[in-house]
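In case you want the letters, here they are:
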Amino acid sequence: MHVVERENAELGSLTVADLEDELATLASHIYAGMCRWLELVAELDRRGAPAGCSCAEWLAWRCGLTARTAREHVRVARRLGDLPRIRTAFGGGLLSYAKVRALARIAEPETDEELLELALNLTAAQLERAVRAYRRVTTEEAAAVQAAAYVDWHWDEDGSLVISGRLAPEDGAVLLQALDTARETLRARARGLDGGSAEPRPTNAEALAAVADSALSAGAAGRSGGERAQLVVHVDETALASAAEGGCEIADGPAIAPESARRLGCDSSVVHVSEQGGRTLSIGRKTRSIPPALRRVLTRRDRGCRFPGCENRHFVDAHHVRHWARGGETALGNLLLLCRRHHRLVHEGGYSVERLPGDRFRFRDPWGRPVPDAPRPPPGSPDCLRQGNQPLPIDAATYRSGAGDSLDLDLAVEALIAVNARLARNAIPDRGNEARLVTPPVGLG
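Source: prediction; values computed, not measured. (Residues numbered from 1 in each chain as written. Predicted model: local features only at pLDDT ≥ 70, side-chain atom pairs only at ≥ 80, totals over all residues. Heavy atoms only, no water.)

1. Some remarks on the overall build of the protein
Step number 1: Looking only at helices and strands, one finds 17 helices and 12 strands in the protein.
Step number 2: When the 445 residues of the protein are sorted by exposure, 31% land in the buried category.
Step number 3: Look at the contacts in the protein between residues 6 or more apart in sequence, and 59% of them connect residues 24 or more apart.
Step number 4: When the accessible area of the protein is evaluated, it comes to approximately 27,600 Å², of which 53% is carbon and sulfur surface. (Helix = DSSP H or I, 4+ residues; strand = E, 2+ residues; numbered from the N terminus. Buried < 20%, exposed > 50% of the residue type's maximum accessible area, 1.4 Å probe, protein only. Contact = heavy atoms within 4.5 Å. Areas by Shrake-Rupley, 256 points an atom, 1.4 Å probe, with all protein chains shown as cover.)

2. Observations concerning the environment of W61
Step number 1: By the secondary structure assignment, W61 is in helix α3 (residues 55-62).
Step number 2: When the C-alpha positions of W61 and E311 are compared, they lie 9.4 Å apart, and in sequence the two are 250 residues distant.

3. Topic: the pattern of salt bridges
Step number 1: On inspection of all chains with the given rule, the structure shows 24 salt bridges.
Step number 2: Between D302 and R301 there is a salt bridge; the shortest N-O distance is 2.7 Å. Across this residue pair, the class does not change: D302 and R301 are buried.
Step number 3: With a closest N to O distance of 3.5 Å, E354 and R362 form a salt bridge.
Step number 4: Three or more residues are tied together by salt bridges with common partners; here these are R301, D302, R306, R355 and D359. (Salt bridge = Lys/Arg side-chain N within 4 Å of Asp/Glu carboxyl O.)

4. Some words on the packing of aromatic side chains
Step number 1: A complete count under the given rule lists two aromatic pairs for this structure.
Step number 2: Three or more aromatic residues joined by ring pairs form one cluster here, namely F307, Y351 and F363. (Phe/Tyr/Trp six-rings, centres within 6.5 Å; stacked < 30°, edge-to-face > 60°.)

5. Concerning the pairing of strand β2 (residues 161-166)
Step number 1: Here strand β1 (residues 150-155) runs beside β2; their pairing, made up of six bridges, is antiparallel. Across the sheet, residue V151 finds its bridge partner in β2, namely G165. (Pairing = 2+ DSSP bridges.)

6. A closer look at helix α15 (residues 340-347)
Step number 1: Three or more residues of α15 are buried, namely H342, H343, L345, V346 and H347.
Step number 2: The elements touched by buried residues of α15 are α13 (258-266), β9 (316-320), β10 (335-339), β11 (352-356) and β12 (360-364).

7. Examining the packing of α13 against α15
Step number 1: Two numbers describe how α13 lies on α15: the axes approach to 9 Å, and their chain directions differ by 135°. Judged by the angle between their axes, α13 and α15 are oblique. Two packed elements cross with a definite hand, and for α13 against α15 that hand is right-handed. Contact residues: α13 offers E259, R262, R263 and C266, while α15 offers H343, R344 and H347. (Axes fitted to C-alpha atoms, helices over the stretch in contact; angles between N-to-C directions. Parallel < 35°, antiparallel > 145°, perpendicular 65-115°, else oblique. Left-handed = near helix turned anticlockwise from the far one by under 90°.)

8. Focus on the confidence of the model for the protein
Step number 1: Of all residues in the protein, 74% have pLDDT values of 70 or greater, and the mean over the chain is 76.
Step number 2: When mean pLDDT is taken per element in the protein, helix α6 (residues 97-103) scores highest with 92 and helix α9 (residues 142-147) scores lowest with 51.
Step number 3: Overall, residues 139-143 carries pLDDT values under 50, and its contacts beyond four positions in sequence, including any with other chains, amount to five contacts.
Step number 4: In this model, residues 428-445 is a region of pLDDT below 50 whose contacts with residues beyond four sequence positions or in other chains number 26 contacts. (pLDDT = per-residue confidence, 0-100.)

9. Focus: the nonpolar core
Step number 1: Counting residues in hydrophobic clusters, the biggest one holds 43 residues, and the most contacted among them are L38, I86, F90 and L95.
Step number 2: Where this core is concerned, the elements lending two or more residues are α2 (16-47), α3, α4 (67-80), α5 (84-91), α6, α7 (112-120), α8 (124-137) and α17 (409-425).
Step number 3: Residues in contact with I86, not counting those within four places in the same chain, are L95, V100, L103, A107, D112 and L116.
Step number 4: Judged by nonpolar contacts, the second largest core, of 20 residues, contains C310, L336, Y351 and V371. (Core = buried A, V, L, I, M, F, W, Y, C linked by side-chain atoms within 4.5 Å.)

10. A few points about a nonpolar patch on the surface
Step number 1: Taken together, the side chains of V151, W153, W155, L161, I163, L167, L175 and L208 make up a nonpolar region of the molecular surface, amounting to roughly 780 Å² of accessible area.
Step number 2: A per-element tally of the nonpolar patch places β1 first, with three residues.
Step number 3: Topologically, W153 is positioned in strand β1.
Step number 4: Given a relative accessible area of 54%, W153 falls into the exposed group. (Patch = residues over 30% accessible without salt bridge, like charges linked within 9 Å, V, L, I, M, F, W, Y side chains within 5 Å.)

11. Notes on the environment of V162
Step number 1: Along the chain, the position of V162 falls in strand β2.
Step number 2: Residue V162 is classed as partly exposed on the basis of its relative accessible area of 28%.
Step number 3: Placed 10 residues apart in sequence, V162 and D152 show a C-alpha to C-alpha distance of 8.4 Å.
Step number 4: Not counting residues up to four positions away in its chain, the partners in contact with V162 are D152, W153, H154 and D156.

Following this line, the structure appears as structure tokens:
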């Protein structure tokens, strides 16, 4: 308490000029530290984040960021290594992160010096606006965009379905609208289940699966006996219950690992089929591995994924701590909720989970080390930040944020196009026809 009062008294003794100088100086230190932080992020992304997750997901968990902010940091970190002059200015505290984030969308190694000069003479808001306008006026011709449209897919070696494509703007807008509608439908459905909590919207992957499921269900509605789309997996009982060899494959799809089949079987419908010599002897009734009443109790108890640091409360699976195919009970004490990614980690990723007293669970990584529930960041202070940046010539005049003039958007976009045109003229001859210079429309400002 006395320390806080003393610090407040010291702040109260500063003049307005002192406050302005220290704020500007410390801001440059923060930008320099942010540059170093992003360099570390890029290296972690290159090596692969721990815990079987993406670099952005690890940042969100370990560094206390939102998922969207973490993804944006990773995007900028990946581009920063290709822009040496911008990186040098950022590391010296001359550029803010907001400016670097905007430049990373359009800058190339050949243009970063000229774009850096533009950034030093604009505010962050002006630069962001100029970059957005530049990207709008440099789109390709409509005919070329239509001709380049495609959607392709293939089964990957690990059994994943890989989809790639390119759509014309109007078709892409329709797809995005369909994804938005599917996300809102899934979110509204989840709200009805958990009492109306405000959670992040489902991912694009989940929304796309919902769109496909809805389309198949609509088609099945016109057929007699039709039901909603299902994923059918054929599994030999010996492979499901033990380490013995046996077939596991997706119907009309690739083979999968027995551990993947056990994960899918944790929370699914099961039909027992007896065969001998390739002939079907009997087919049992379809039953749910998790009865609906038990699922409701489990959802009320866990309220979402139980993996440490995971905030996903929707699109979760019920996981058997000891699998039912290996004698585990389908009872509340042997069940917990896991999101799809962490469910895969526990089955195929080498992670393990054990039950503790009081409805608690302990997770261990593939090396047997406990996964902490919520890691605490080490203590920091402005003094530590200044000390780390001590070799840098940073003072109150280091950071430049424009002269305060109003933005001439036409002029700014023309400057960006001129930079791009010089880059196109210097390109190798056999790529010269690919470069197009588009005159900005009148009245952008």
